[in-house]
Amino acid sequence: MSETFKTWQCRTCGYIYDEAMGEPDEGLPAGMRWGDIPADFRCPLCGTAKTDFDMIEI
Amino acid sequence: MIPQDIANTIVDPTAFGGSGKRVEDAFTWLRQEKPLSVAQPDGFDPFWVVTRHADILEVERQNDLFHNGDRATIVTPIELDQKVRMVMGGSPHLVRALVQMDNPDHAAYRRVTYGAFLPQNLKKLEGRIREIARGFIDHMASLGSCCDFATDVAFLYPLHVVMELMGVPESDEPRMLKLTQELFGNADAELSRSGNKPEDAAQALANLQGTVGEFMEYFNAITEDRRANPRDDLASVIANGQVFGAPLGVLEAMSYYIIAATAGHDTTSSTTAGAMWALADNPGEFAKVKANPALIAGLVEESIRWVTPVKHFMRTATSDAVLDGRIIRKGDWLMLSYPSGNRDESVFTDPFRFDIERSPNKHVAFGYGAHICLGQHLGRMEMRILWEELLPRLQSVELNGEPAYMDAAFVCGPKRVPISFRMQ
C-alpha cells in the first residue's frame, strides 16, 4: 500500500506544500513527494530554502 | 541619474492619487529606460530606484545585506527625517515594528505572533469570518442599488475581522479606522489628521506624532488589561509575549499593535475595493468568475497584484554589493517599488490587463524573503470568503461615478469606488 501524502510548511511564511496537490505553477505535479523535489527548491512565496521546511499535520 | 521630473513624481503622493496613472507612467518609463538608477527628488537624499521584479526579489532575499532599519523604511524628505531623529533620540523611526527591524530582533519579534497567522490556525476562524462577511453583504444589499463600495463595505469588513482578532471592541472600530486613514493618508487633504495637506515638515510630523500618540495611549491601556486578564486574542499574545526571555519592549509592543491595527486591515480593504473597481471596469472578468467560483482564488491573487497597496519599502546596503551589474555602496538607500515589479513586462504578459486567470501570478505585493507580509494568508482568506459569499448574490455591477485612489506614496488604495449594482 502506498504511503499517505504528507504536508510540509515553510518556517518563514507558513506556505504549505501538500504532496497530494503538488504545485503545478512550480512544475511540481500532484502527487510529487517532498523527497523527490530538487534540493534547490525554494518556497514559492518567500524564497526560503527547502531545508527550512517542517513536516506538519493538518 | 533619473530625470528630475520622474524623480519628483515617484515620491509625490498626488501622483499616486486619482487614477494613479501619473505614477504608473513614470515607473513604466523607468523600467524601460533606467530600471535600476539613482533618483534625488527635490528635498530628498539620493536613493536607488529598484523597478524590476527580479531585482526586487534579489534585494528582499538578502536581508542581511540590505537592512530595513538602518535608515527610514519609507521614503522621507530630509527635513522630516531630521525632525523625526530629533524627537526619537537619533532613530529615523517613529515606531519600531517588524518592518523597521533586522535580525536578530526581527526573527524574535516575528515569532511572537507567527503561529496566529499560519493557515492551519486561521482555518479555525473561517466560520466566524464568513459570518462577518455575510453581515456586510446584507448591509450592502440594504443600501439598494448604489453605494460607495470602498467606504460602505471594503473599509469595514477587514477592519471588523482584524479588530475582533485583536480583541478591540466593536465600538472602537470607527476610531481605529480614522487613525489608520490619518497615518497612511497624511498627505491627503481629505484624510489627514489636520484636515489639510501638511504645509511643511513640522505639520507632517505633528500629524504623525498625534496619530501615533493616540494609538499608543489606546494600546497601552489594552496591554495593562491583557496582562491582568489574558484572553484568547492577539492583544493578549502581544501583551504577554516574550523575546529573548523578557517581555516585548514598550515601543516595540506599541508598534506591534499599531501595525496590526492599521496595515492589518487597510491593505485588505484597499485590495477588495480595487477588485470591485476592476470588476466593474472589466465585465468579462466579472461574468467569468461569477459563472465559475473556482476562479475566485485567481481573482484574489490578481486583485492583490493589481492594487499592490504597499507602494514601496526602503532598504539600506550594509556593505558594498552588486545588483544587476551596478555597484551599490555601503549605506546606499534603495526604494523597492512593488507596483513597478508587479507591472514588469518581462514577468507578466500584458501586465496592464486585469486577468483573473493569470497563471503563474508571482507578484511581489506581499514582499519576499524574511520580511514577507505576516498577514498574507489572513488577507487572502478574508477576500476569498467575501467573494464566495458576494458573487452568488451580485447580479451586476457598474461604476457610478469617478473612483479615486488616495494621495499617498507609501500605503495607498482607493478612497472611493462608487458603484451601481443589482443583488439577490
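About the cut-offs
- Residues numbered from 1 in each chain as written.
- Chains lettered and ligands numbered in written order.
- Predicted model: local features only at pLDDT ≥ 70, side-chain atom pairs only at ≥ 80, totals over all residues.
- Heavy atoms only, no water.
- 1 Å grid on protein atoms, 1.4 Å probe; cavity = no way out; pocket = protein on both sides within 12 Å on 5 of 7 lines; lining within 4 Å.
- Points joined across faces, edges and corners; volume = space filled by probe spheres on them.
- Helix = DSSP H or I, 4+ residues; strand = E, 2+ residues; numbered from the N terminus.
- Nonpolar A, V, L, I, M, F, W, Y, C, P; charged D, E, K, R; others polar.
- Contact = heavy atoms within 4.5 Å.
- Buried area = accessible area lost by both parts, 1.4 Å probe.
- Salt bridge = Lys/Arg side-chain N within 4 Å of Asp/Glu carboxyl O.
- Polar contact = N/O pair within 3.5 Å; in protein donor to acceptor, adjacent residues only side chain to side chain.
- Pairing = 2+ DSSP bridges.
- Axes fitted to C-alpha atoms, helices over the stretch in contact; angles between N-to-C directions.
- Phe/Tyr/Trp six-rings, centres within 6.5 Å; stacked < 30°, edge-to-face > 60°.
- Buried < 20%, exposed > 50% of the residue type's maximum accessible area, 1.4 Å probe, protein only.

1. Considerations on empty space enclosed by the protein
Rolling a probe over the atoms, with the probe sized like a water molecule, indicates the empty space that remains.
All names here are of chain B.
No. 1: Within this structure, the stated rule accounts for 2 cavities of 30 Å³ or more.
No. 2: Here the largest cavity is characterised by a volume of approximately 80 Å³.
No. 3: Contributing to the lining of the largest cavity are Phe155, Gln181, Leu191, Asp266, Ser270, Met406, Gly413, Pro414 and Lys415.
No. 4: Elements that contribute at least two residues to the lining of the largest cavity include exactly helix 14 (250-281) and strand 13 (414-416).
No. 5: Residue composition of the lining of the largest cavity, by class: 4 nonpolar, 3 polar and 2 charged.
No. 6: Volume-wise, the second largest cavity comes out at about 40 Å³.
No. 7: Within the lining of the second largest cavity, the residues separate by chemical class into 5 nonpolar, 2 polar and 1 charged.

2. Focus on the interface of chain B and chain A
No. 1: Facing the 16 residues of chain B at the interface are 17 residues of chain A.
No. 2: Of the roughly 1100 Å² buried between chain B and chain A, counting both surfaces, carbon and sulfur atoms make up 50%.
No. 3: Among the residues chain B hides against chain A, the three largest losses belong to Tyr114, Gln120 and Tyr368 of chain B. Together they make up 35% of the total.
No. 4: At the surface where chain B touches chain A, the tally comes to 1 salt bridge.
No. 5: A salt bridge links Lys362 of chain B to Glu26 of chain A, with the shortest nitrogen-to-oxygen separation between them at 2.8 Å.
No. 6: Where chain B touches chain A, the interface holds 8 residue pairs in polar contact (both at pLDDT 80 or more).
No. 7: Sorting the residues of the side of chain B that touches chain A by element identifies helix 6 (105-114), helix 7 (119-122) and helix 18 (376-390) of chain B as the ones contributing at least two each.
No. 8: Counting residues per element, the side of chain B that touches chain A draws most heavily on helix 18 of chain B, which supplies 3 residues.
No. 9: Across the side of chain B that touches chain A, the residue classes tally to 7 nonpolar, 6 polar and 3 charged.

3. Details of the sheet that holds strand 14 (residues 418-423) of chain B
Residue and element names in this part refer to chain B.
No. 1: Pairing is antiparallel in the open sheet, where 3 strands are placed in the order 4-14-11. Looking at the sheet topology across the chains shown, the edges are occupied by strand 4 (146-148) and strand 11 (394-399). The mean inter-strand angle of the sheet, taken between neighbouring strand axes irrespective of direction, is 30 degrees.
No. 2: Bridge analysis of strand 11 against strand 14 gives 5 bridges, and the strand direction is antiparallel. Bridge pairing in strand 14 links Leu394 to Met423.

4. Thoughts on the side chain of Arg315 of chain B
Residue and element names in this part refer to chain B.
No. 1: Following the sequence through the fold, Arg315 ends up in strand 7 (residues 312-317).
No. 2: Polar side-chain contacts of Arg315 include one of 2.8 Å to the side chain of Glu60.
No. 3: One polar contact links Arg315 to Asn68, side chain to side chain, over a distance of 3.1 Å.
No. 4: With residues up to four places along the chain from it excluded, the contact list for Arg315 reads Val59, Glu60, Phe66, His67, Asn68, Asp332, Trp333, Leu334, Leu336, Tyr338 and His371.

5. Some details on the packing of aromatic side chains
Given two aromatic rings, one states the distance between the centres and the angle between the planes to describe the pair.
No. 1: For the structure shown, the criterion picks out 17 aromatic pairs over all chains.
No. 2: Between the aromatic rings of Trp8 of chain A and Trp34 of chain A, the centroid separation amounts to 5.0 Å while the plane-to-plane angle is 10 degrees, which identifies the pairing as stacked. Taken together, the positions of Trp8 of chain A in strand 1 (residues 7-10) and Trp34 of chain A in the loop between strand 2 (16-18) and strand 3 (53-56) put the pair 26 residues apart, joining distant regions of the chain. Here Trp8 of chain A matches Trp34 of chain A in class, with each residue buried.
No. 3: Taken together, a centroid distance of 4.9 Å and an interplanar angle of 5 degrees make the contact between Phe219 of chain B and Tyr257 of chain B stacked. Taken together, the residues span a long stretch of sequence, with Phe219 of chain B in helix 12 (residues 201-228) and Tyr257 of chain B in helix 14 at a distance of 38 residues.
No. 4: Among the aromatic side chains, those forming a connected cluster through ring pairs are Trp8, Tyr15, Tyr17, Trp34, Phe41 and Phe53 of chain A.

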